[in-house]
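Summary of structural features
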Amino acid sequence: MGFLNLIWFLLFGWWQALLYLLLSAICAITIIGIPIAKSLLQFAKLNAFPFGKEVIKETELKGTENVSGIRKIFGTIANVIWVPVGIVLAVLYIVSGIASFITVLGIPAGIVYCRTAKFIIWPIGAKVVSKKQAYAAAVANEIERRK
């Protein structure tokens, strides 16, 4: 995964991460935009080094009872505000993904683009973690559900 992340960063990741860092800074200027800015920082992290990472909901990572109701409500409101921009970006990512699938070497990039399209539509409350952390959170949630 390290080699793929390095190649990705050199070809695509650095400028995409920089773009989302700048967009995050612009969103952080307003109070309403702060949750969006935090999510865009997560998205910048995913865009820089996407291989070996998973996107999971904060409630899956921390547990439903460990995320406050107010945070969930304001996150939903911010997501609703973000959705029009998110849909446009998701369509662009899906088109880029389909274009990447044309070549064999582009298949990993296509997978990354299609995977990130899902995240960008509804980003608030999503966290970028390693695959091990995502698996550990899933196991912990399953154990908690069976109690």
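Quick note: structure is the one above.
In this report, we go over the structure that sits alongside the text.

Turning next to the packing of helix α1 (residues 2–27) against helix α5 (residues 107–121). Two elements in contact, α1 and α5, have axes separated by 13 Å at closest approach and are oriented at 15 degrees. If you check the angle between α1 and α5, you find them roughly parallel. Where α1 crosses over α5, the two elements pack in a sense that is right-handed. Contact residues: Trp8, Phe12, Gln16 and Tyr20 in α1; Ala109, Val112, Tyr113 and Ile120 in α5.

What follows is about the packing of aromatic side chains. Aromatic rings in a pair are described by how distant their centres are and how their planes are angled relative to each other. Taken as a whole and assessed by the stated rule, the structure comprises 9 aromatic pairs. Measuring from ring centre to ring centre gives 4.6 Å for Tyr20 and Phe43, while their planes differ by 85 degrees; the resulting arrangement is edge-to-face. Taken as a pair, Tyr20 in helix α1 and Phe43 in helix α2 (residues 34–48) lie far apart in primary sequence, 23 residues in all. The two residues Tyr20 and Phe43 agree in class, both being buried. Measuring from ring centre to ring centre gives 5.7 Å for Tyr93 and Tyr113, while their planes differ by 45 degrees; the resulting arrangement is tilted.

Moving on, we get to α1. Taking 1.5 Å per residue as the helical rise, α1 with its 26 residues ought to reach 38 Å, whereas the 31 Å between its terminal C-alpha atoms falls clearly short. At Phe9, α1 shows its maximal bend, which comes to roughly 65 degrees. Every buried residue belonging to α1 is among Asn5, Trp8, Gly13, Gln16, Ala17, Tyr20, Ser24 and Cys27, and all of these are buried. For α1, the secondary structure elements touched by its buried residues are α2, α4 (69–100) and α5.

The next subject is the nonpolar core. Tyr20, Ile36, Leu40, Phe43 and Ile120 are the most contacted members of the largest nonpolar core, which has 26 residues in total. Among the secondary structure elements, those contributing two or more residues to this core are α1, α2, α4, α5 and β2 (126–130). Here this core takes 7 residues from α2, the largest share from any one element. Apart from residues lying up to four places away in sequence, Ile36 is in contact with Cys27, Ala78, Trp82 and Ile124.

What counts, and where the lines are drawn
Residues numbered from 1 in each chain as written. Predicted model: local features only at pLDDT ≥ 70, side-chain atom pairs only at ≥ 80, totals over all residues. Heavy atoms only, no water. Axes fitted to C-alpha atoms, helices over the stretch in contact; angles between N-to-C directions. Helix = DSSP H or I, 4+ residues; strand = E, 2+ residues; numbered from the N terminus. Parallel < 35°, antiparallel > 145°, perpendicular 65-115°, else oblique. Left-handed = near helix turned anticlockwise from the far one by under 90°. Contact = heavy atoms within 4.5 Å. Phe/Tyr/Trp six-rings, centres within 6.5 Å; stacked < 30°, edge-to-face > 60°. Buried < 20%, exposed > 50% of the residue type's maximum accessible area, 1.4 Å probe, protein only. Expected span 1.5 Å × (residues − 1). Bend = angle between axes of the 7 residues up to and from the residue. Core = buried A, V, L, I, M, F, W, Y, C linked by side-chain atoms within 4.5 Å.

Keep in mind these numbers describe shape, not what the thing actually does.
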